Amino acid sequence: MAEVILNQVGKTYPNGYQAIPAIDLHIADGEFIVLVGPSGCGKSTLLRMVAGLESISSGELLINNQRMNEKEPAERDIAMVFQNYALYPHMTVFDNMAYGLRNRGASKDEIQRKVSDSARLLGLTDLLERKPKQLSGGQRQRVAMGRAMVRHPQAFLFDEPLSNLDAKLRVQMRVEIRQLQRQLGTTTLYVTHDQVEAMTLADRLVVLNKGHAEQIGSPLELYERP
Ligand code: ADP
Ligand code: ADP
């Protein structure tokens with residue numbers, strides 16, 4: 001559970017390019033925020049700064065009032081789900097899901113219990129011994145979500161998680177992601193190009209343009225104005 005606050009957060013890349021001048025964003029505990037905007041507007045940059053994969057050039061990032069600016073990804077209690085799943089190909093589904101817990105020194109019992117619980121929620125119970133290449137695209141995406149879920153992170157970050165799936169599966173997974181997020185109550189920041197996906201998922205949308213938050217509001221506020 002977490003409240004995530006960006007105060008005047010900016011990013012200038014080492015080559016001098018200012019991707020994000022200064023953005024303010026207050027994400028409430030349990031809120032589902034979707035970032036939309038044209039290619040190159042800074043969506044990934046923003047997500048990667050929150051994840052700790054990219055340094056922050058100015059301003060501050062707070063998670064539950066703790067300043068995160070210089071903390072490494074491993075010190076942040078945040079889980080990221082990528083478009084290409086980023087599963088370990090040589091490991092079983094169980095081991096992929098258990099990876100983060102093992103790294104944190106969880107006991108065997110705890111790992112068994114948490115992986116089983118998440119697998120049940122995601123319909124992966126019968127697939128735990130398989131390798132990623134023996135799974136469909138939708139199943140792989142579920143494993144990636146399972147891996148993010150098992151350690152009950154303070155926040156989920158999704159970077160276009162469904163863009164490699166076919167249209168039917170995209171709709172199905174979008175519903176599942178929303179249900180899971182509601183069930184777990186985990187604060188979520190979600191990047192997509194898909195406007196329908198954005199409207200159905202978001203509590204609030206942030207429309208980025210050239211690194212500026214051009215509009216922030218609920219789907220109704222942003223899309224259904226006369
Ligand atoms: P989006 O995710 O919205 O497509 P990005 O956050 O990937 O946008 O990129 C925002 C801008 O920053 C783009 O103009 C991109 O070319 C630039 N950019 C991204 N990464 C780097 C980098 N490592 N060095 C310099 N410029 C970068
Ligand atoms: P995607 O479209 O999947 O978001 P990007 O085009 O944003 O991919 O970038 C992929 C990688 O290349 C990222 O690590 C990003 O930081 C880097 N990158 C993007 N634009 C630039 C750039 N103008 N200069 C240097 N690196 C860049």
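These notes cover the structure that comes with them. On a predicted model such as this, the values are computed, not experimentally measured, just so you know.

1. Notes on the sheet that holds strand β1 (residues 4–12)
Taken in spatial order, the four strands of this open sheet run β2-β1-β4-β5, and their pairing is antiparallel. What marks the edges here is a single partner per strand, and that holds for β2 (18–27) and β5 (66–67). Of the pairings in the sheet, the one linking β1 to β2 comprises six bridges and is antiparallel in character. Of the residues in β2, the one forming a bridge with Thr12 is Gln18. Relative to β1, helix α1 (residues 43–51) is tilted by about 120°, and along the sheet it contacts β1, β2 and β4 (58–63).

2. As for the packing of helix α4 (residues 137–149) against helix α5 (residues 167–184)
Packing of α4 against α5 brings their axes to within 11 Å, and their N-to-C directions diverge by 15°. With respect to their mutual orientation, α4 and α5 come out roughly parallel. Our pair here, α4 against α5, has a crossing hand that is right-handed. Residues Gly137, Gly138, Gln141, Arg142, Met145 and Met149 of α4 form the contact with α5, whose own contacting residues are Leu169, Gln172, Met173, Glu176, Ile177, Leu180 and Leu184. Within the contact of α4 with α5, the residues separate by chemical class into seven nonpolar, four polar and two charged.

3. A few points about α4
Side chains three or four residues apart in an α-helix point the same way, a direct result of the helix having 3.6 residues per turn. Spanning 13 residues, α4 covers 18 Å between terminal C-alpha atoms, matching the ideal 18 Å at 1.5 Å per step. Of all 13 residues making up α4, 10 are buried, and the element is well covered by its neighbours. Where α4 is concerned, the buried positions are Gly138, Gln141, Arg142, Val143, Ala144, Met145, Gly146, Arg147, Ala148 and Met149. Where α4 is buried, its residues contact β6 (78–82), α2 (93–103), α3 (108–122), β7 (155–159) and α5.

4. Topic: the environment of Glu54
Locating Glu54 in the fold gives a position in the loop between α1 and β4. Assessed through its relative accessible area of 18%, Glu54 is described here as buried. The residues touching Glu54, leaving out its near neighbours within four places in the chain, are Lys11, Tyr13, Arg48 and Met49.

5. Structural notes on the nonpolar core
Inside soluble globular proteins, nonpolar side chains tend to come together where they are buried. Val34, Met97, Val115, Met145 and Tyr190 are the most contacted members of the largest nonpolar core, which totals 42 residues. If near-sequence neighbours (up to four positions away) are discounted, Met97 is found in contact with Val115, Ser118, Ala119, Leu124, Leu128, Val143, Gly146, Arg147 and Val150. Formed by 29 residues, the second largest nonpolar core is a distinct cluster that contains Val4, Leu6, Met80 and Val206.

6. Focus on the environment of Thr125
When you line up the elements, Thr125 lands in the loop between α3 and α4. Sequence separation between Thr125 and Asn64 is 61 residues; the distance between their C-alpha atoms is 34 Å. When neighbours within four sequence positions are excluded, Thr125 is seen to be in contact with Ala119 and Arg120.

7. Things to note about the sheet that holds β6
The sheet built from six strands is open, its strands ordered β6-β7-β8-β3-β9-β10 with mixed pairing. This sheet does not close on itself; its edge strands, each paired only once, are β6 and β10 (212–217). Strand-to-strand twist across the sheet, computed as the mean angle between neighbouring axes with direction ignored, equals 20°. Relative to strand β8 (residues 187–191), strand β3 (residues 32–36) is paired through four bridges, and the arrangement is parallel. Counterpart to Val34 in the pairing with β8 is Tyr190.

What counts, and where the lines are drawn
- Residues numbered from 1 in each chain as written.
- Chains lettered and ligands numbered in written order.
- Predicted model: local features only at pLDDT ≥ 70, side-chain atom pairs only at ≥ 80, totals over all residues.
- Heavy atoms only, no water.
- Pairing = 2+ DSSP bridges.
- Helix = DSSP H or I, 4+ residues; strand = E, 2+ residues; numbered from the N terminus.
- Contact = heavy atoms within 4.5 Å.
- Axes fitted to C-alpha atoms, helices over the stretch in contact; angles between N-to-C directions.
- Parallel < 35°, antiparallel > 145°, perpendicular 65-115°, else oblique.
- Left-handed = near helix turned anticlockwise from the far one by under 90°.
- Nonpolar A, V, L, I, M, F, W, Y, C, P; charged D, E, K, R; others polar.
- Expected span 1.5 Å × (residues − 1).
- Buried < 20%, exposed > 50% of the residue type's maximum accessible area, 1.4 Å probe, protein only.
- Core = buried A, V, L, I, M, F, W, Y, C linked by side-chain atoms within 4.5 Å.

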